[in-house]
Amino acid sequence: MTYPRKRPNTPQFHLPRRSFLAGSCAFAAMAAAPGQAVWAAGSATPPSLGARDPKTLVVLVDATVENLDPATNIEWAYGLRPVYETLTVLDGSHTLKAAPALATSWEASEDASSWTFTLAEGVVFHDGTPCDAEAVKKAVTRLALHPAGLAGTWQLEDPESQIVAVDAKTIRFDLGEPRPFFDRQVASQYGFWIASPAAAEAHSKGDDDMGSEFLQANPVGTGPYTLESLNPGRDATFAANAAFRGGWDHPHFSRVITKTIPVSATRRQLLETGEADMTLAMEPEDMVVLRDDPRFALADTPTFTVQYVAFATDGKLADPRARQALCHAFDHDTYIEEVALGTADKPASVFPSLMQGMDGKDRLLPFDLDRARALLAEAGIAEGTELTMAYYSGFGDIEGQLLQAWLSEIGISLKLQEMSFSAYLDVFFGEGTAEERPDLFYFSWWPNVDHPYSFAWGLFSGDAATFDGNTGRYANAEATALIDELRNQVMNEEMTAKFRRLAEILTNEDPAWLPILQERAQFVSRNDIAGLENNPIYVATLDMYNLSRKS
């Protein structure tokens, strides 16, 4: 039986921040342990809080999220997680197991084409309106229909008829096709948070807005915190939601302040002087210092995020041999050891190594400049040819310089084009001609769900457009067919074999990308902060409710 095509779960990309390159070489060997955390915590007394309130958590980040509407936020879920909830949540560090959130239980029909969720009783949005089945239906319908956001994540053709509020506590999704892991899809951090439909409707400016302008700065969810203040480019303050059903008997933080500090060394200084409790991202040299300081704790876990160089396949690099040549011209071992200081993981393919169905096989083309030179000649790329690589400020500059140096040894000139984040996104997702666009793009991506289709469709399918993530306009008939076959399939032996065949095509036979690294989530905090647990799918966000300060 076949089913009509629907847009897939849209994968995610990075904010303009310098990734998670931090820590030490000792942690690189942990890559094969999904969700495993490494704590390098000492028993020394942490820096004095001074006049700071011990019930207030201060977190440092290097970029600001200014859009807090879950229907349109595709940048970073950091500011969404404390305010909103999803129907389910991934269980701890597990990527293949869902746990209750707004829904206390759920069950699927025999063919998994219909899913019924029982909602928690007595839940109210921050505006005081009930979060019952009708409200959830309206919230999901808005998510599925918003023209400027993540409509494709739900894969619903007609949400009005496909979502049924059976009673106040029960909601059913008639999906029209088997979706055996729908319970994990609704745990995703992009496109699945439930916002107050009353707030959206009251402030809607029409069908193109649906309340988004209001919710971007005034989020209304059911989560443990409310947004107290938002100063774009500076800070955001979240205050405890007294009505949160989880209660406040545990020593939770009553307030969380997130400060935007772009410079890594400044974030380190604020930790050392006791003015902050935790930072989400630091440069390697700063993290190494704090790693060895017994006043602090380092949490290090692998993630599903891959940094990569995408090839424009509709221009000079149309011939697969030209793209193979560029893959041979990057020395991953030198980069990981000497530049990333062992704080990132070497990729094995274009896919995250932790993804279900992936094996331990290294599919990267080895560093070999002689082979690269020969392949360029076979592809008709003459010495002296100039290629252009675009990146946004602070992300991809070092990697571009390294590739530039190695390519110069084989007669290829690489021009590096730095852009602002917004300008870069316009180009990356834009519809310009091959002559107008760069030959290479530096970016990063992670899936919404631990499943190859969630990662692959928007990036590699010949049916995907640039606005889906296929910035290189990559199209390989066999790869597209394999991606289609993987859609919503359980990863049994047959599907796993198809997935691995897809990885071979995309990584070395007809390369879509030059994978650069796999990020690790490395948080550093005072050693009196407890409760940090990272899920490798939930990239760069914090479960603030379960954090506390040790007495």
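Residues numbered from 1 in each chain as written. Predicted model: local features only at pLDDT ≥ 70, side-chain atom pairs only at ≥ 80, totals over all residues. Heavy atoms only, no water.

Enquirer: Outline the packing of helix α14 (residues 477–486) against helix α15 (residues 493–509), listing residues and values.
Expert: Axis separation between α14 and α15 bottoms out at 10 Å; the angle between their running directions is 150 degrees. Our classification of the angle between α14 and α15 gives roughly antiparallel. Judged by the sense of rotation from one axis to the other, the crossing of α14 with α15 is left-handed. Contact residues: α14 offers E478, A479, L482, I483, E485 and L486, while α15 offers M495, K498, F499, R501, L502, I505 and L506. Tallied by class, residues from the contact of α14 with α15 come to nine nonpolar, no polar and four charged. (Axes fitted to C-alpha atoms, helices over the stretch in contact; angles between N-to-C directions. Helix = DSSP H or I, 4+ residues; strand = E, 2+ residues; numbered from the N terminus. Parallel < 35°, antiparallel > 145°, perpendicular 65-115°, else oblique. Left-handed = near helix turned anticlockwise from the far one by under 90°. Contact = heavy atoms within 4.5 Å. Nonpolar A, V, L, I, M, F, W, Y, C, P; charged D, E, K, R; others polar.)

Enquirer: Explain the sheet that holds strand β9 (residues 170–174) to me, using residue names and the numbers behind them.
Expert: Strand order in this open sheet of four strands is β6-β7-β9-β8, and the pairing throughout is antiparallel. The two strands at the open ends of the sheet, each matched to only one other strand, are β6 (103–108) and β8 (163–167). Neighbour-to-neighbour, the strand axes of this sheet turn through a mean angle of 20 degrees, independent of strand direction. Where β8 lies against β9, four bridges are found, and the strand directions are antiparallel. Bridge pairing links D167 to T170 in β9. (Pairing = 2+ DSSP bridges.)

Enquirer: Help me get a handle on the packing of aromatic side chains, residues and values and all.
Expert: For the structure shown, the criterion picks out 36 aromatic pairs. Ring geometry for Y225 against W248: centres 5.5 Å apart, planes inclined by 80 degrees, an arrangement best described as edge-to-face. Taken together, the positions of Y225 in strand β10 (residues 225–231) and W248 in the loop between β11 (235–240) and β12 (255–260) put the pair 23 residues apart, joining distant regions of the chain. Taking the relative accessible area as the measure of exposure, W248 reaches 24% and is therefore partly exposed. For the ring pair F351 and F455, a centre distance of 5.7 Å and an interplane angle of 50 degrees mean the geometry is tilted. Of this pair, F351 sits in the loop between α9 (332–339) and α10 (369–378) while F455 sits in helix α13 (residues 452–460), placing them 104 residues apart in sequence. We classify F351 as buried; its relative accessible area is 0%. Among the aromatic side chains, those forming a connected cluster through ring pairs are Y392, F395, Y424, F428, F429, F441, Y442, F443 and W445. (Phe/Tyr/Trp six-rings, centres within 6.5 Å; stacked < 30°, edge-to-face > 60°. Buried < 20%, exposed > 50% of the residue type's maximum accessible area, 1.4 Å probe, protein only.)

Enquirer: Any details on the side chain of E504? Residues and values, ideally.
Expert: Note on placement: E504 falls in helix α15. A distance of 2.6 Å separates the side chain of E504 from the side chain of K361, its partner in a polar contact. Setting aside residues no more than four positions away along its own chain, E504 makes contact with K361, R363 and E509. (Polar contact = N/O pair within 3.5 Å; in protein donor to acceptor, adjacent residues only side chain to side chain.)

Enquirer: Can you lay out the side chain of T301 for me, pointing to particular residues and giving the numbers?
Expert: Structurally, T301 can be placed in strand β14 (residues 296–311). Since its relative accessible area comes to 2%, T301 is described here as buried.

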